[in-house]
Amino acid sequence: MITAVDTNILLDVFLPDKKFASGSSELLKSAYDEGALVICDIVYAELVPQFEKRSMLDSTLSTISVSLSSIDKDVAFLAGERWKVYRKSGGKRKRIITDFLIGAHAMIKAERFLTRDRGFYKSYFSDIRIFSL
């Protein structure tokens, strides 16, 4: 089973977050035990500020067996469609297109999505299987 991982889960473990580190770490381990872990380009970019060097980020991701799965036109199109629904329903730009790209990537490239942001993703990606705290 392929599990796409959201930035918040990885930051919980990398920083670590006192409230969420343990739970996020357990979820990552469970997902790894059941298959592959992937992130999209945007999640990778959001992790960059937490590392002094690219090699440190790449090594950390490799250590926990997280692979990069790039965004393609299918993902970008789906994200744009969901963004349009959000904006037409009165979405106030609290959410930005990157959130929709992360969700669309998870929906197309994985079988489930590991995130702490269940409410938002369930609202705009109701057809995605969410694996959460």
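Residues numbered from 1 in each chain as written. Predicted model: local features only at pLDDT ≥ 70, side-chain atom pairs only at ≥ 80, totals over all residues. Heavy atoms only, no water.

A closer look at the packing of aromatic side chains
Defined as follows: Centres within 6.5 Å make a pair out of two Phe, Tyr or Trp rings, where for Trp the six-membered ring is used; the pair is then stacked when the planes are under 30 degrees apart, edge-to-face when over 60, and tilted otherwise. Put simply, DSSP H or I for four residues or longer makes a helix, DSSP E for two residues or longer makes a strand, and each gets a number counted from the N terminus. Each residue is assigned to one of three classes by its accessible area relative to the maximum for its type, calculated with a 1.4 Å probe on protein chains only: buried under 20%, partly exposed between the two thresholds, exposed over 50%. We count a charge as sitting over a ring when the NZ of a lysine or the CZ of an arginine lies within 6 Å of the ring centre and within 35 degrees of the ring normal.
Going through the model one piece at a time under the given rule, you end up with 12 aromatic pairs. Ring geometry for F100 against F120: centres 5.2 Å apart, planes inclined by 90°, an arrangement best described as edge-to-face. Of this pair, F100 sits in helix α6 (residues 97-109) while F120 sits in helix α7 (residues 118-124), placing them 20 residues apart in sequence. F120 carries the same exposure label as F100, and that label is buried. Seen from their ring centres, F100 and F125 are 6.3 Å apart, and the 50° between their planes marks the pair as tilted. With F100 in helix α6 and F125 in the loop between α7 and β5 (130-131), this residue pair connects regions lying 25 residues apart in the sequence. For the pair formed by F100 and F125, the shared burial category is buried. The ring of F131 carries the charged tip of R112 above its face, separated from the ring centre by 4.0 Å. Positioned over the ring face of F20 is R116, at 3.9 Å from the centre of the ring.

Describing the pairing of strand β1 (residues 2-5)
Basically, it comes down to this: Two strands are said to pair when DSSP picks up at least two bridges between them.
Taken together, the three bridges between β1 and strand β2 (residues 36-39) define a ladder with parallel strand orientation. The residue of β2 that forms the bridge with T3 is L37.

As for the packing of helix α5 (residues 73-88) against α6
Just so we agree on the cut-off: For every element, the axis is a line fit to its C-alpha atoms; helices are fit only across the contacting stretch, and the angle between N-to-C directions ranges from 0 to 180 degrees. Angles below 35 degrees are treated as roughly parallel, those above 145 as roughly antiparallel, those between 65 and 115 as roughly perpendicular, and all remaining angles as oblique. Take the far helix as your reference; a near helix turned counterclockwise from it by less than a right angle gives a left-handed crossing, and one turned clockwise gives a right-handed crossing. Here a residue-residue contact requires only that any non-hydrogen atoms of the pair lie within 4.5 Å. Any residue outside Ala, Val, Leu, Ile, Met, Phe, Trp, Tyr, Cys, Pro, Asp, Glu, Lys and Arg is labelled polar, Gly included; the first ten of those are nonpolar and the last four are charged.
In the contact formed by α5 and α6, the axes pass within 8 Å of each other and the chain directions differ by 130°. Judged by the inter-axis angle, α5 sits oblique to α6. Our pair here, α5 against α6, has a crossing hand that is right-handed. Seen from α5, the contacting residues are D74, V75, A76, L78, A79, R82, W83 and Y86; seen from α6, they are I97, F100, L101, A104, H105, M107, I108 and K109. Per-class residue counts for the contact of α5 with α6 are 12 nonpolar, one polar and three charged.

Points about the nonpolar core
Heads up, the condition is: What we call a nonpolar core is a set of buried Ala, Val, Leu, Ile, Met, Phe, Trp, Tyr and Cys residues that are connected through their side-chain atoms within 4.5 Å.
Ranked by internal contacts, the top residues of the largest apolar core, which has 40 residues, are V5, I39, L47 and F100. If we ignore the near neighbours within four places in the chain, the residues touching F100 are A79, R82, W83, Y86, R95, F120, Y124 and F125.

A few points about the pattern of salt bridges
Applicable threshold: Salt-bridge detection follows one rule: a side-chain nitrogen of Lys or Arg within 4 Å of a carboxyl oxygen of Asp or Glu.
As enumerated under the stated definition, the model contains six salt bridges in all. Among the ionic pairs, D72 bridges to K109, the shortest N-O distance being 2.8 Å. On the criterion of sequence distance, the pair formed by D72 in the loop between β3 (66-68) and α5 and K109 in helix α6 is long-range, its members being 37 residues apart. With a relative accessible area of 29%, D72 lands in the partly exposed category.

A word on the sheet that holds β3
Strand order across the open sheet formed by five strands is β3-β2-β1-β4-β5, with parallel pairing between neighbours. Sheet topology places β3 and β5 at the edges, where each strand pairs with a single neighbour. Two elements, strand β4 (residues 112-114) and β5, share two bridges in a ladder whose sense is parallel. Following the sheet pairing, L114 is matched in β5 by F131. The sheet strands contacting α6 are β1, β2 and β4, and the helix crosses β1 at an angle near 175°.

Overview of the side chain of D6
For clarity, the cut-off: Identification of polar contacts relies on pairs of N or O atoms within 3.5 Å, with a donor-acceptor requirement for protein atoms, meaning one able to donate a hydrogen and the other able to accept it, and with residues adjacent in sequence counted only if both atoms are side-chain atoms.
Assignment of secondary structure puts D6 in the loop between β1 and α1 (7-14). For D6, a relative accessible area of 5% puts it in the buried group. Separated by 2.7 Å, the side chains of D6 and T115 make a polar contact. Filtering out sequence-adjacent residues up to four positions away, D6 remains in contact with V43, I102, F113, L114, T115, D117 and Y121.

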